[in-house]
Amino acid sequence: MNLSERDKLYNWHPYTQHKTAANFPAIVKGEGALLWDENGKEYIDAIASWWVNPYGHSNKIIADAIYEQLTTLEHVLFGGFTHDKAVLLAEKLMTILPNNQKKLFYSDNGSTAVEVALKCAMQYNYNKGNKKTKIIAFEDAFHGDTFGAMASSGISFFSEAFKGSLLEVIRIPVPTKENEEQNLQNLKDLVKTNEYAAFIFEPLVQGAAGMVMYSSEILDKMIAICNQNNVFTIADEVMTGFGKTGKTFASDYLNNKPDMMCLSKALTGGTIPMAITTFTQEIFDGFYDDDTNKAFFHGHTFTANPTACAAALASINLLQTEAIQNNITRVHERHLAFELKIKSHPKVKTTRVLGVIFALEIKTETQESYYGTMRNKLYNFFIENGVVLRPVGNIIYILPPYIISEEQLEKVYAIVEQAIEIV
Ligand SMILES: Cc1ncc(COP(=O)(O)O)c(C=O)c1O
């Protein structure tokens, strides 16, 4: 049996119906934007392995930082201790985060970063004796799969089985030019009820919904409404963070900065799972008290793992290099050129680009479901042709490692053009 077959014996994969799933390619090597399976087949990782890997697979600089840390101090508990990498990383983040962000809380993944933000919004109010327990979120949002994150997410079939056991979340439509006035009015009406602790959103781009984009101007207005009514705003930058939108954070496009930010994915350059939730001083102060019970009683065993912190430091240093910044601009410009070429194709309904993110919607007769027939056909076509792309329904998106070569990017575009013809 090869690896692919042996995998099936024990491993349970995410978002997978194993009864109908084929054997999965077993990847044995990665370098730059490329992956190789056990049979030597090459794949271009055009989605940066679920958006985590901007600087390329097996990046030597990050690997060296990890090795050095592993052989100096691999881990120490963060309860009652600190360490140099957590201090250095915090100091570094303070130089790139919006300047209202003053405190950091470490956890393990995007979902836990969101859980921390939601819990803080709720406990802040509890500590002050306010009854604000509900959350506002966008339709079709995705904030993760743990309970609070899932409750805030709007992709219904992900959470269908848990209805009734979830946080109370009201969902509002993603803003468009057409619904702007209505949307803002809705939000005003909601926040006036004094029942909502926070408004959580994926700033400017809803990744899992299929790279759905909306304007920073309207988000600014929504944040202003929340600010005026003491509802915390949480920017879930798990996908958008660290350069994806062309700026370090999507929140950098905003005039009104969020109260909290959730970071993960590219934080460690796609090497070690880690997440950070960041806060304003005001939020931290809501827990700062002589009363021990007002503390934030939340933690994870691997909180602020030194090896992950070392990987994050090396990754942020890479992000700040001229070479990586030039790559972000290059990929963005190539996306724009491809968009211009493809957008008038008779089968293309719409296209959109922000930073290194490109998305294209294929015209369909009927509403295509998330993991529907069209999606599966496209996905299989891409994998057969050695390109890792995971369409969402009828939406194909590209979010490559920033270091992807021109030639590799051209191949990805060419495969996308061919794929449109087969559906
Ligand atoms: C915006 C956003 N938030 C949260 C998450 C959840 O992150 P994780 O899968 O690391 O729990 C994701 C994952 O795709 C995401 O895109």
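Before any of the text, the structure's been laid out above.
Residues numbered from 1 in each chain as written. Predicted model: local features only at pLDDT ≥ 70, side-chain atom pairs only at ≥ 80, totals over all residues. Heavy atoms only, no water.

1. With respect to the packing of aromatic side chains
Thought 1: With the rule as written, the count across this model stands at 18 aromatic pairs.
Thought 2: Through pairs of rings, three or more aromatic residues link up here, namely Tyr15, Trp50, Phe142 and Phe158.
Thought 3: Its guanidinium or amino end placed over the ring of Phe284, Lys103 lies 4.4 Å from that ring's centre, counting from NZ or CZ.
Thought 4: Above the face of the Tyr253 ring, Lys247 is positioned so that its terminal group lies 4.9 Å from the ring centre. (Phe/Tyr/Trp six-rings, centres within 6.5 Å; stacked < 30°, edge-to-face > 60°. Lys NZ or Arg CZ within 6 Å of the ring centre and 35° of its normal.)

2. A short note on the site of the ligand
Thought 1: Taken together, Trp51, Asn109, Gly110, Ser111, Phe142, His143, Gly144, Glu202, Asp236, Val238, Met239 and Lys265 make up the full set of residues near the ligand.
Thought 2: Note that an oxygen atom of the ligand is positioned 2.8 Å from one of the backbone N or O atoms of Gly110.
Thought 3: Contact distances for the ligand include 2.6 Å between a nitrogen atom and a side-chain N or O atom of Asp236.
Thought 4: When the free accessible area of the ligand is taken as 390 Å², the share hidden by the protein chains comes to 83%.
Thought 5: Classifying every residue of the shell around the ligand gives four nonpolar, five polar and three charged. (Near = heavy atom within 4 Å. Polar contact = N/O pair within 3.5 Å; in protein donor to acceptor, adjacent residues only side chain to side chain. Areas by Shrake-Rupley, 256 points an atom, 1.4 Å probe, with all protein chains shown as cover. Nonpolar A, V, L, I, M, F, W, Y, C, P; charged D, E, K, R; others polar.)

3. Describing the nonpolar core
Thought 1: In terms of nonpolar packing, the biggest core is built from 107 residues, with Leu89, Leu93, Phe199, Phe242, Leu389 and Val416 touching the most fellow members.
Thought 2: The leading source of residues in this core is helix H11 (residues 306–319), at nine residues.
Thought 3: For Phe199, the residues in contact, after removing those within four places along its chain, are Ile136, Ala137, Phe138, Ile172, Leu219, Met222, Cys226, Val231, Phe232, Thr233 and Ile234. (Core = buried A, V, L, I, M, F, W, Y, C linked by side-chain atoms within 4.5 Å. Buried < 20%, exposed > 50% of the residue type's maximum accessible area, 1.4 Å probe, protein only. Helix = DSSP H or I, 4+ residues; strand = E, 2+ residues; numbered from the N terminus. Contact = heavy atoms within 4.5 Å.)

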